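Fold and geometry: a report
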Amino acid sequence: MGMRVVEQVAVLSPCEKAGLDPERLEQLFARLGPQEGENVVCRAMEELACRLGHADRLFTQGDWPEMRKCTRALGRIAEQIGMSGLSRISRDVVQCIDDGDGVALSATLARMVRMGESSLYALWDLQDLSV
């Protein structure tokens, strides 16, 4: 009599809900005006997309000091335009770098990238609605 082994593999599809703070955006637009506010937000979105990719490359290269600088800057930019979730996770990534915990860093970086992408899409959609 043979034994039958049945393997079950769970495929996880993590989904990060964008943590946007609309009040922060409203304050930014109230302070700068609609045109300049939109310019600032568009530049910030471009910079965030660039830094997300750069942080991932730095991780692959093992360049923790540069990755830390890149991630800290990313968090400051995210905070300025109301991406509170992304800003918070960027601080977690920096903490993993400071702790020297490569496994946690890998997982937290992946989370930051997911949150960054969903936040950028949400902000893009929000801008489309306001036009």
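Residues numbered from 1 in each chain as written. Predicted model: local features only at pLDDT ≥ 70, side-chain atom pairs only at ≥ 80, totals over all residues. Heavy atoms only, no water.

1. Looking at the confidence of the model for the protein chain
Averaged over every residue, the pLDDT of the protein chain is 86; the share at 70 or more is 81%. The weakest mean pLDDT in the protein chain belongs to helix H5 (residues 102–130) at 84; the strongest belongs to helix H3 (residues 64–80) at 97. (pLDDT = per-residue confidence, 0-100. Helix = DSSP H or I, 4+ residues; strand = E, 2+ residues; numbered from the N terminus.)

2. Quick look at the pattern of salt bridges
Applying the stated criterion across every chain, the model contains five salt bridges. A salt bridge links Arg24 to Glu79, with the nearest nitrogen and oxygen atoms 3.1 Å apart. Here Glu79 lies in helix H3 and Arg24 lies in helix H1 (residues 22–32), a separation of 55 residues in the sequence. Taking relative accessible area as the criterion, Arg24 reaches 29% and is therefore assigned partly exposed. Between Lys69 and Glu66 there is a salt bridge, with its nearest N and O atoms 3.2 Å apart. On the criterion of helical spacing, the pair formed by Lys69 and Glu66 is a turn pair, its members being three residues apart in helix H3. In this structure Lys69 comes out as exposed when scored by relative accessible area, which is 53%. (Salt bridge = Lys/Arg side-chain N within 4 Å of Asp/Glu carboxyl O. Buried < 20%, exposed > 50% of the residue type's maximum accessible area, 1.4 Å probe, protein only.)

3. Overview of the packing of aromatic side chains
In the structure shown here, the tally under the stated rule is one aromatic pair. Between Phe59 and Trp64, the ring centres sit 5.5 Å apart and the planes meet at 45 degrees, which makes this aromatic pair tilted. Residue classification places Trp64 among the partly exposed positions, given a relative accessible area of 34%. (Phe/Tyr/Trp six-rings, centres within 6.5 Å; stacked < 30°, edge-to-face > 60°.)

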